[in-house]
Amino acid sequence: MSGFVIQQPGLLSLLQDRGRYGAHNLGLTTGGPLDFIAFDWANRLLGNDANATCIEIGFGGLTLEAEIDTSCVITGAEAPCKLNGDAILQWQTIDIATGDRLEIGFASKGTRCYLAVGGGFDIDPSFGSSSTVVREKIGGLHGDKLQAGDRLPCGPGRVDRQLRLNEADRPEYGDFALLRVVTGYQQAAFAPGQQWRFFNTEYRLTDRCDRMGFRLEGETVHSDMVGMLSEGICHGAIQIPADGQPIVLMNDRQTIGGYPKIGSVIAEDTARLAQLSPGAVVKFEQISIEQAHNIHCLQQAQFARTEPEPC
Amino acid sequence: MRIEVAGQNALIVYFAEQSSAEVSAQIQAAVNNILASMQDCIVDLVPSYASLLVIFDLDRADYFDVKRKLRGALENLASLDAEAGELVTLPVYYSTESGPDLEIIADNGKLSVEEVIEIHQQREYRVYAIGFAPGFAYLGEVDERIAAPRLATPRQKVPRGAVAIADRQTAVYPAVSPGGWNLIGLCPTRMFDPERDPSMPVKAGDRVRFEAIDRADFLGLGGEL
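Residues numbered from 1 in each chain as written. Chains lettered and ligands numbered in written order. Predicted model: local features only at pLDDT ≥ 70, side-chain atom pairs only at ≥ 80, totals over all residues. Heavy atoms only, no water.

**Remarks on the side chain of Gln16(A)**
Residue and element names in this part refer to chain A. Take Gln16: it is sitting in strand β2 (residues 12-16). At a separation of 3.0 Å, a polar atom in the side chain of Gln16 contacts the main-chain amide nitrogen of Gly32. Once residues within four sequence positions are removed from consideration, Gln16 is found in contact with Gly31, Gly32, Pro33, Phe39, Ala52, Thr53, Cys54, Glu56, Ser130, Ser131, Thr132 and Arg211. (Helix = DSSP H or I, 4+ residues; strand = E, 2+ residues; numbered from the N terminus. Polar contact = N/O pair within 3.5 Å; in protein donor to acceptor, adjacent residues only side chain to side chain. Contact = heavy atoms within 4.5 Å.)

**Notes on the sheet that holds strand β17 (residues 237-239) of chain A**
All names here are of chain A. Spatially, the 7 strands close up into a barrel ordered β13-β20-β17-β18-β15-β14-β21, and their pairing is mixed. Within this sheet the neighbouring strands show an average axis-to-axis angle of 40°, counted without direction. Both strand β14 (residues 202-209) and strand β15 (residues 213-217) contribute to a ladder of 3 bridges, which runs antiparallel. Bridge pairing in β15 links Arg204 to Glu217. Strands β13 (176-183), β14, β17, β20 (261-265) and β21 (281-287) of the sheet are contacted by helix α2 (residues 192-200), whose axis makes an angle of about 125° with β21. Here helix α4 (residues 289-305) sits on the sheet and contacts β13 and β21; the angle it forms with β21, its principal contact strand, is near 115°. (Pairing = 2+ DSSP bridges. Axes fitted to C-alpha atoms, helices over the stretch in contact; angles between N-to-C directions.)

**Examining the packing of aromatic side chains**
Following the criterion strictly, the structure yields 18 aromatic pairs over all chains and no others. Summarising the aromatic geometry, the rings of Tyr49(B) and Tyr138(B) are spaced 6.2 Å apart at their centres and angled 65° between planes, so their arrangement reads as edge-to-face. Placement of Tyr49(B) in the loop between β3 (42-47) and β4 (51-56) and of Tyr138(B) in strand β7 (residues 137-140) is noted, with a sequence separation of 89 residues between them. Of the two residues, Tyr49(B) and Tyr138(B), neither departs from the other in class, the shared state being buried. Ring plane angle 75° and centroid distance 5.0 Å describe the contact between Phe132(B) and Phe136(B), whose orientation is recorded as edge-to-face. For Phe136(B), a relative accessible area of 1% translates into the label buried. Three or more aromatic residues joined by ring pairs form one cluster here, namely Tyr49(B), Tyr128(B), Phe132(B), Phe136(B), Tyr138(B), Tyr173(B) and Trp181(B). Residue placement shows Arg44(A) over the ring face of Phe303(A); its charged tip is 4.9 Å from the ring centre. The ring of Tyr185(A) carries Lys261(A) above its face, with NZ or CZ at 4.4 Å from the centroid. (Phe/Tyr/Trp six-rings, centres within 6.5 Å; stacked < 30°, edge-to-face > 60°. Buried < 20%, exposed > 50% of the residue type's maximum accessible area, 1.4 Å probe, protein only. Lys NZ or Arg CZ within 6 Å of the ring centre and 35° of its normal.)

**Here's the deal with the nonpolar core**
Residue and element names in this part refer to chain A. Membership of the largest hydrophobic core comes to 43 residues, with the highest contact counts inside it found for Phe198, Leu205, Ile238, Val248, Leu273, Val282 and Phe284. It is helix α1 (residues 36-45) that contributes the most residues to this core, 7 residues altogether. Viewed by domain, this core spans two of them, domain 1 (3-162) and domain 2 (176-305), each represented by three or more residues. Discounting residues that sit within four places of it in the chain, Leu273 has contacts with Leu179, Leu205, Phe214, Val248, Met250 and Val282. (Core = buried A, V, L, I, M, F, W, Y, C linked by side-chain atoms within 4.5 Å. Domains from an automatic or database assignment.)

**Examining the pattern of salt bridges**
Considering all chains together, one arrives at 26 salt bridges over all chains under this definition. Arg211(A) serves as the salt-bridge partner of Glu56(A), at 2.8 Å between the closest nitrogen and oxygen. Separated by 155 residues along the polypeptide, Glu56(A) in strand β3 (residues 54-58) and Arg211(A) in the loop between β14 and β15 bring together distant segments of the chain. Asp65(B) is the partner of Arg68(B) in a salt bridge, and the nearest nitrogen-oxygen pair spans 3.0 Å. Within this pair, Arg68(B) and its partner Asp65(B) are both found in helix α2 (residues 63-75), separated by 3 residues, close to a single helical turn. Looking at Arg68(B), the relative accessible area reads 53%, which means it is exposed. (Salt bridge = Lys/Arg side-chain N within 4 Å of Asp/Glu carboxyl O.)

**Considerations on the domain arrangement of chain B**
Residues and elements named next belong to chain B. Looking at chain B, the domain boundaries give domain 1 (2-73) and domain 2 (87-220). Each of domain 1 and domain 2 was reduced to a C-alpha centroid, and the two centroids are 29 Å apart. Between domain 1 and domain 2, the residue contacts involve 9 residues of the former and 8 residues of the latter. Between domain 1 and domain 2 lies a buried interface of about 720 Å² when both sides are counted; carbon and sulfur atoms form 51% of it. When the buried area of domain 1 at its contact with domain 2 is split by residue, Ser24, Gln28 and Tyr49 rank highest and sum to 57% of it. Between the two partners, domain 1 and domain 2, sit 0 salt bridges. Taken together, the connections running from domain 1 to domain 2 amount to 1 residue pair in polar contact (both at pLDDT 80 or more). Of the residues forming the side of domain 1 that touches domain 2, the biggest block, 4 residues, is contributed by helix α1 (residues 21-37). Taken together, the residues of the side of domain 1 that touches domain 2 sort by class into 4 nonpolar, 5 polar and no charged. (Buried area = accessible area lost by both parts, 1.4 Å probe. Nonpolar A, V, L, I, M, F, W, Y, C, P; charged D, E, K, R; others polar.)

**Observations concerning the sheet that holds strand β5 (residues 70-78) of chain A**
Residue and element names in this part refer to chain A. The strand order β2-β3-β10-β5-β8 describes an open sheet built from 5 strands, whose pairing is antiparallel. At either end of the open sheet lies a strand with only one pairing partner, and these are β2 and β8 (94-96). Here the strands of the sheet are splayed against their neighbours by 25° on average, with no regard to which way each runs. Docked against the sheet, α1 engages β2, β3, β5 and β10 (109-117), running at close to 160° with respect to β5.

See below:
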């Protein structure tokens with residue numbers, strides 16, 4: 001089957017759908033797009049199924065050649081994008097013809113771009129999902145990041161309506177994020193003074209941030225736990241090991257672990273955290289489970305009500 | 001039993017402060033009840049030593065709804081029989097060739113290598129949790145005489161099928177990976193095969209027995225040295 005051929009794979013280009021659910025009992029993690037907001041917009045602008053497979057382009061550097069006529073959208077991090085050498089815009093549908101060369105350069109603002117094509121890439125799911133988790137060697141084409149020469153199958157998918165998302169409606173990727181936290185798990189094992197410190201200081205992203213977890217550094221926080229039984233880890237959980245430096249666990253986290261956790265960052269905010277680079281600053285804010293639900297509902301409603309404009 | 005918030009779309013049920021065969025059976029009964037009555041709003045369940053993480057679909061249910069239904073599902077837990085769960089026998093080629101840490105464990109416990117092999121096979125282990133990697137089943141608990149701390153320097157490469165001990169836990173490595181557990185033998189049974197259904201020979205709550213096989217049988221069953 002024809003589709004796209006990878007010429008330069010970039011640093012970390014991964015096929016992803018919305019994620020793998022229902023396989024935690026086998027020890028398989030979720031995977032899926034680190035920034036689901038940019039991912040969802042890429043599919044929406046093409047009228048794709050919400051779960052259609054896209055490429056998450058980590059840090060950029062991807063070049064592909066089309067073997068079919070289709071349309072594409074690039075959302076997420078700001079990166080210089082070109083079609084046959086000419087600059088093209090992000091967050092809008094672009095028509096692609098057989099033989100065209102599509103280039104996504106290195107991200108200048110944000111870290112993850114999402115490339116969607118009309119109808120999505122046609123990838124056989126494993127355990128119900130096409131999402132690539134390199135650590136598990138599961139998903140994607142062969143359980144790995146994209147390589148030069150890989151052929152990504154997809155059907156012709158030219159769309160009739162050219163759409164773009166108004167600039168005012170796009171997320172902004174800066175060098176700060178407020179991370180809202182639903183407290184829980186071992187929160188009680190952190191003395192009030194430790195909790196106060198955690199929620200009142202700024203943390204910096206270290207260079208040890210990947211799809212498993214984002215390691216932060218700042219004021220140390222300690223719990224009173226002495227050894228705990230391993231337990232299930234949900235998305236966004238903030239693990240604080242003995243060195244007192246928090247780790248926010250992301251899409252490719254291990255499904256169980258034995259370090260104390262103070263709570264979990266909501267998905268709307270891990271999406272923003274994922275677009276930050278080492279050195280960026282984050283601050284945690286405690287919210288209630290009610291607020292966490294409200295933020296989710298509002299995000300969904302806003303997404304549904306925001307109409308892209310014709311271009 | 002305590003039901004607590006874990007995240008925006010997750011609750012965690014704590015069954016006890018310590019793990020035991022009874023607690024494990026209770027968690028398995030809870031998993032069965034939840035799968036039977038709440039499947040429409042549950043995304044993932046992660047049973048572990050003494051807890052169960054319940055991840056729900058935020059577009060279909062909310063925390064309060066899930067908590068209420070969960071209380072119902074936890075009310076009448078079927079048999080708390082510690083004998084619940086399927087019994088799975090895994091063959092092991094124990095030897096110093098396939099288990100480079102057998103002698104260390106023997107020295108630790110002032111035992112002979114043969115005794116270590118014998119003691120590892122004597123017990124029936126329970127699958128307390130699956131995690132770390134796809135198909136990695138944490139089995140407990142081994143006899144104190146063969147319990148051994150993790151290696152000070154983890155190995156870069158533990159072979160697939162390695163049967164290992166860390167503290168009072170034992171496990172079979174489902175794939176080649178780095179690891180710090182003490183290696184005592186090799187199991188030819190694939191612990192995780194994505195091409196097969198089911199992809200794992202065990203699930204949480206099952207019971208496992210190890211049975212010694214010789215080198216020829218190990219190779220005959222598809223084992224690789």
